[in-house]
Amino acid sequence: MFAAERRQLILEMVRANGAVSLRELARVVQTSEVTVRRDVRALEAEGLLDRRHGGAVLPGGFTRESGFPQKSHLATAEKTAIADCAAGLVEEGEAIVVGAGTTTQELARRLARVPGLTVVTNSLLVAQALAHANRVEVVMTGGTLRGSNYALVGSGAEQSLQGLRVSKAFLSGAGLTAERGLSTSNMLSASVDRALVQAAAEVVVLADHSKLGTDTMFQTVPTDVITRLVTDEAPAHDDRAAAELQALADQGVEVAVAGASGGATNAQGGSGGPGAPGVPGASGASGGEGGPGRRQRRDVPLPGPRRQVPGAAAGLRSAGPLGEQPGGTERSRVADMRRR
């Protein structure tokens, strides 16, 4: 395929989908990511598209939302790896909320095997994936059906979530940045996602590497509210994606990078702590208890207020070794009593 033909096909894919990863473009045009990156750079110079971390988007700064038929064929391997990793975060008997999206649909297919699970969702795709799971209870929100992503939105959906409390929320979106958090291109979808977040104690974002650094119109989840990010492994030469992951980790987001085998390498976010694979200075441990791809659950209780006992501090300061008190040891007092 000549360069002009490749670039025309790349441009058509971006116009049809709004955003496409370099990995997907390379697969479709049957060439290397290095060649595709060069083509994308040339198209950007002509003002026909914009480059983003690991992909290309429509020009203008903000991506538009793609419909389900387009999104379902994009980054399928990445979504599978992310879903395998995220499923390891869910335990038997939990109550969770799952938002709309093709990545969350992949997650739902794996949740069908978790007994005693209760899933609250506004996604028809998620509900369909769990429809025949005998041991999973599915609770649908109300609302108006939005046909482009088969999700229930509007005031009816938001009101049905009031007073709800679950352990975790699993959400996807159109873009994720350390500066602004998770975002989407539709106002109604963003509003329902915010209601889902308010119902959960923890927020888990599912986003492949092409969404890192992409910003869209409506903020869904601020960065400081995101507990964990489950993403896929970005290409080794994608320095900007690695920088975005590091920035997210520095703000306290725990990053789990799903490998091609379904395993995950975890990184505890926080300044000065370990980061994610591909992030400069990062390290992590693969897998955990429960088998490959299942992260080890670590519940660390928060310390409560310390009770101060009157006189305790002074007693501790004056105590000698082996219980020695001012005026002699316990052994010397016993000897005196015997002599008497």
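Within any chain, residue numbers begin from 1 and follow the written order of that chain's sequence. Residue-level local features of this predicted model are given only where pLDDT is at least 70; pairs of side-chain atoms are given and counted only at 80 or more, and the full residue set underlies all totals for whole chains, interfaces and linings. Values reported for side chains reflect all heavy atoms of the structure, with hydrogen atoms and water molecules removed beforehand.

Visitor: Describe the overall build of the chain, naming the residues involved and giving the relevant values.
Guide: Each helix corresponds to a stretch of at least 4 residues labelled H or I by DSSP, and each strand to a stretch of at least 2 residues labelled E; elements are numbered beginning at the N terminus. The helix and strand inventory of the chain stands at 12 helices and 17 strands. Burial status follows relative accessibility: with a 1.4 Å probe on protein chains alone, a residue under 20% of its type maximum counts as buried, one over 50% as exposed, and anything between as partly exposed. The buried share of the chain, reckoned over its 340 residues, is 48%. The criterion used for residue contact is that any of the two residues' heavy atoms lie within 4.5 Å. The long-range share in the chain, meaning contacts at least 24 apart out of those at least 6 apart in sequence, stands at 63%. As presented, the chain carries roughly 17,000 Å² of accessible surface, and 52% of it is formed by carbon and sulfur atoms. Per-residue and other accessible areas were derived by the Shrake-Rupley procedure at a 1.4 Å probe size, with only the shown protein chains allowed to occlude residues.

Visitor: Which residues make up the sheet that holds strand β11 (residues 181-184), and what are the values?
Guide: Spatially, β10-β11-β13 is the arrangement adopted by the three strands of the open sheet, whose pairing is antiparallel. Two strands close off the open sheet at either side, each with one partner strand: β10 (175-177) and β13 (218-221). Averaged over all adjacent pairs, the angle separating strand axes in this sheet is 35 degrees, with direction ignored. For two strands to be treated as a pair, DSSP must find no fewer than two bridges joining them. In terms of strand pairing, β11 meets β13 through three bridges, oriented antiparallel. Residue leucine 182 lies in a different strand from β13, and its bridge partner there is valine 221. Angles here are taken between N-to-C directions and fall from 0 to 180 degrees, while the axes themselves are lines fitted to C-alpha atoms, restricted in helices to the stretch in contact. Across the face of the sheet, helix α9 (residues 187-198) comes into contact with β11 and β13 while running at roughly 20 degrees to β13.

Visitor: For a nonpolar patch on the surface, give the residues involved together with the corresponding values.
Guide: The patches described consist of residues with a relative accessible area above 30% and no salt bridge, like charges being joined within 9 Å and nonpolar side chains (Val, Leu, Ile, Met, Phe, Trp, Tyr) within 5 Å. Salt bridges are identified by distance alone: a Lys or Arg side-chain nitrogen within 4 Å of an Asp or Glu carboxyl oxygen. On the surface, a nonpolar cluster with roughly 380 Å² of combined accessible area is contributed by Leu124, Val138, Met140, Leu145 and Tyr150. With respect to the element layout, valine 138 can be found in strand β6 (residues 136-140). Judged by its relative accessible area of 31%, valine 138 falls in the partly exposed class.

Visitor: I'd like a description of the packing of helix α5 (residues 76-87) against helix α6 (residues 102-111), backed by residues and values.
Guide: Look at α5 against α6: their axes get within 8 Å of each other, and the N-to-C directions meet at 50 degrees. The orientation of α5 relative to α6 falls into the category oblique. When the axes of α5 and α6 are compared, the crossing they make is right-handed. Residues Lys79, Thr80, Ile82, Ala83, Asp84, Ala86 and Ala87 of α5 pack against Thr102, Thr103, Glu106, Leu107, Arg110 and Leu111 of α6. In terms of residue class, the contact of α5 with α6 is made up of six nonpolar, three polar and four charged. Note on terminology: angles under 35 degrees are roughly parallel, angles over 145 are roughly antiparallel, angles of 65 to 115 are roughly perpendicular, and the others are oblique. Each helix crossing is assigned a hand: it is left-handed if the near helix lies turned anticlockwise from the far helix by less than a right angle, otherwise right-handed if that turn is clockwise. In this classification, Asp, Glu, Lys and Arg are treated as charged, Ala, Val, Leu, Ile, Met, Phe, Trp, Tyr, Cys and Pro as nonpolar, and every other residue, Gly included, as polar.

Visitor: Lay out the pairing of strand β12 (residues 200-206) with the relevant residues and their values.
Guide: Burial of β12 is extensive: five of the seven residues sit out of reach of the surface. Bridge count for strand β9 (residues 166-171) against β12 is five bridges, and the pairing is parallel. Bridge assignment links lysine 168 to a residue of β12, and that residue is glutamate 202.

Visitor: Help me get a handle on the confidence of the model for the chain, residues and values and all.
Guide: When pLDDT is averaged along the chain, the result is 76; 70% of the residues meet or exceed 70. Residue-level confidence of the predictor, termed pLDDT, takes values from 0 up to 100. Every residue in residues 270-329 is under pLDDT 50, and counting partners more than four places away or in other chains gives 67 contacts.

Visitor: Run through the environment of alanine 26, naming residues and quoting values.
Guide: Relative to the helices and strands, alanine 26 is located in helix α2 (residues 22-29). Given a relative accessible area of 8%, alanine 26 falls into the buried group. Between the C-alpha atom of alanine 26 and that of arginine 6, which follows or precedes it by 20 residues, the distance is 9.7 Å. Leave out the neighbours within four places in its chain, and alanine 26 touches Thr31, Ser32, Glu33 and Val36.

Visitor: Tell me about the pattern of salt bridges, and please be specific about residues and values.
Guide: Counted according to the given criterion, the structure contains 14 salt bridges. Where glutamate 44 meets arginine 51, a salt bridge forms, and the shortest distance between an N and an O atom there is 2.7 Å. For glutamate 44, a relative accessible area of 27% puts it in the partly exposed group. Each of Arg23, Glu33, Glu78 and Asp232 takes part in a single network of salt bridges with overlapping partners.

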